[in-house]
Amino acid sequence: MRLATWNVNSIRARVERTVEFAVRESIDVLAMQEIKCKVDQFPFAKFEEAGYHVEAHGLSQWNGVAIASREPIEDVETAFANMPGFAKGHEGPDAPLEARAIGATIGGVKVWSLYVPNGRALGDPHYDYKLRWLKALEEYTRTSLAGDPDLPLALVGDFNIAPTDADNGDPTIVPGFATHVSPPEREAFAALQTAGLTDVVRPLVPSGYTYWDYKQLRFPRNQGLRIDFILGSRSFADGVTGAAIHRDERKGDIPSDHVPVVVDVDLDEPDDDDRPMIF
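Residues numbered from 1 in each chain as written. Predicted model: local features only at pLDDT ≥ 70, side-chain atom pairs only at ≥ 80, totals over all residues. Heavy atoms only, no water.

Enquirer: Explain the sheet that holds strand β6 (residues 101-106) here, please?
Expert: In any sheet, the strands associate via hydrogen bonds between backbone groups, in a parallel or an antiparallel arrangement. Here six strands make up an open sheet; going across it, the order is β5-β6-β7-β8-β10-β9 and the pairing mixed. The open sheet terminates on both sides in strands that have one partner only, identified here as β5 (74-77) and β9 (198-199). The pairing of β5 with β6 spans two bridges and is antiparallel. Paired with Glu77 across the bridge in β6 is Gly103. (Pairing = 2+ DSSP bridges. Helix = DSSP H or I, 4+ residues; strand = E, 2+ residues; numbered from the N terminus.)

Rendered as structure tokens:
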């Protein structure tokens, strides 16, 4: 399986280059974030013409996630257990859920396309929401892997966290003053790893960012952030044979401010399980 994640920053604006990338790079599963459209506005036909099945979850012109796959997409979910919601002026436990997660089983792998809340600013209600959202994701991960330690699980997407100083090359993202690099956010990211996940890209791609702001020549100056990840369970990570950050997708006409992150995975069917062999 060749699995990719990409915050496309509006699929309607960038569907041609998204599909072209998927076909050119022989992507089997593409997880997308920030599709910025309702489901009935998603350009399904372009993907279907290229041989992809698509499941999308979008509620408005903001947020939104989707998965495109050459293989059937099964067991689709649009929220993980206890995922919190958010709405301005409505911070209680019954706040409406945003379109930030879509999960499905594909070729025996449980894949989640995730768009973690930005946080906006330290002390903002959205920052607290971000931390609660990440805590619920950690608990979901821990529970899932406790119930099935051999589960091939991949949490992929835009995490809006630069987990180490090496992941932050943007001079405006200053520790102590900005989100994405605060200790609580970094601790929440580390907790996902403690829960049983591994960053499967960094060991194979030791440097490089995945996001550059459109402003102040951030991309030409290579002042970016690494905030897009593929985190895998033990059985998933053990099967990773290659990885790449496609920096050149930040170039050209109307690029997204993020670039795709790709891994190749080769997993054999466990002897004591009836899961299908990963393609």
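Enquirer: Would you take a moment to explain helix α4 (residues 183-194) for this structure?
Expert: Every α-helix carries 3.6 residues per turn, so stepping three or four residues along brings you back to the same face. Taking 1.5 Å as the rise per residue, α4 with twelve residues should run 16 Å; its terminal C-alpha atoms sit 16 Å apart, in good agreement. Residues of α4 that are buried: Glu185, Arg186, Ala188, Phe189, Ala191 and Leu192. Summarising the contacts, the buried residues of α4 are in contact with α3 (125-147) and β10 (228-232). Taken from the residues just after α4, Gly196 is the one with a positive phi, measuring 125°. (Expected span 1.5 Å × (residues − 1). Buried < 20%, exposed > 50% of the residue type's maximum accessible area, 1.4 Å probe, protein only. Contact = heavy atoms within 4.5 Å.)

Enquirer: Explanation requested: the environment of Arg250 in the structure shown.
Expert: Position of Arg250 relative to the elements: it lies in the loop between β11 (240-245) and β12 (261-265). On the basis of relative accessibility, which here comes to 7%, the residue Arg250 falls in the buried class. Distance from Arg250 to Trp212, taken between C-alpha atoms, is 8.2 Å for residues 38 residues apart in sequence. Setting aside residues no more than four positions away along its own chain, Arg250 makes contact with Trp212, Asp213, Tyr214, Phe219, Pro255, Ser256, Asp257 and Val259.

Enquirer: What is the right way to read the nonpolar core from this model?
Expert: One recurring pattern in soluble globular proteins is that nonpolar side chains are buried together. Among the nonpolar cores identified, the biggest contains 30 residues, and Leu3, Val201, Ile230, Phe236 and Val263 are the most heavily contacted of them. Of all the secondary-structure elements, those providing two or more residues to this core are β2 (29-33), β4 (65-69), β6, β7 (109-115), β8 (153-158), β11 and β12. Leave out the neighbours within four places in its chain, and Leu3 touches Val29, Val111, Ala154, Val156, Ile230, Phe236, Val261, Val262 and Val263. (Core = buried A, V, L, I, M, F, W, Y, C linked by side-chain atoms within 4.5 Å.)

Enquirer: Is there a simple way to think about the side chain of Thr179 in this case?
Expert: On the secondary structure map, Thr179 appears in the loop between β8 and α4. There is a polar contact of 2.8 Å between the side chain of Thr179 and the side chain of His180. Residues within four places of Thr179 in sequence aside, it is in contact with Asn118, Gly119, Arg120, Ala121, Leu122, Tyr127, Ile173 and Glu185. (Polar contact = N/O pair within 3.5 Å; in protein donor to acceptor, adjacent residues only side chain to side chain.)

Enquirer: Could you clarify how one ought to interpret the confidence of the model for the protein in this entry?
Expert: Detailed conclusions should not be drawn from predicted coordinates in areas where pLDDT is low. With 95% of its residues at a pLDDT of 70 or more, the protein shows a mean pLDDT of 95. Note on residues 270-279: pLDDT under 50 across the span, and 25 contacts to partners over four residues away in sequence or across chains. (pLDDT = per-residue confidence, 0-100.)

Enquirer: Just checking my understanding: could you explain the pattern of salt bridges for this structure?
Expert: Side-chain pairs of opposite charge can arise whenever the charged atoms involved come near each other. Evaluated as defined, the whole model comprises 20 salt bridges. Asp167 is the salt-bridge partner of Arg226, the closest N and O atoms lying 2.7 Å from each other. Remark: Asp167 occurs in the loop between β8 and α4 and Arg226 occurs in the loop between β9 and β10; sequence separation between them is 59 residues. Asp167 matches Arg226 in its accessibility class, with the two residues each being buried. For Asp170, the salt bridge goes to Arg218, with nearest N and O atoms at 3.4 Å. (Salt bridge = Lys/Arg side-chain N within 4 Å of Asp/Glu carboxyl O.)

Enquirer: Would you explain the packing of aromatic side chains in this entry?
Expert: Where two aromatic rings form a pair, the distance of their centres and the angle of their planes describe that pair. Applying the stated criterion to the full structure yields twelve aromatic pairs. With a centroid separation of 5.9 Å and an interplanar angle of 80°, the aromatic rings of Phe159 and Phe229 are classed as edge-to-face. You can see Phe159 sitting in the loop between β8 and α4 and its partner Phe229 sitting in strand β10, a full 70 residues away along the chain. Taken together, Phe80, Trp112, Trp133 and Tyr140 form an aromatic cluster joined through their ring pairs. (Phe/Tyr/Trp six-rings, centres within 6.5 Å; stacked < 30°, edge-to-face > 60°.)

Enquirer: Would you mind showing me how to read unusual backbone geometry here?
Expert: Backbone geometry follows two general trends: most residues other than glycine have a negative phi, and most peptide bonds adopt the trans configuration. Backbone geometry at Ser10 places phi at a positive 95°, although glycine is not the residue there. Along the chain, Ser10 turns up in the loop between β1 (2-7) and α1 (11-24). On the basis of relative accessible area, Ser10 is assigned to the buried category, the value being 15%. Phi angles above zero are rare outside glycine, and Leu217 is one such case at about 55°. Among the structural elements, Leu217 can be located in the loop between β9 and β10.

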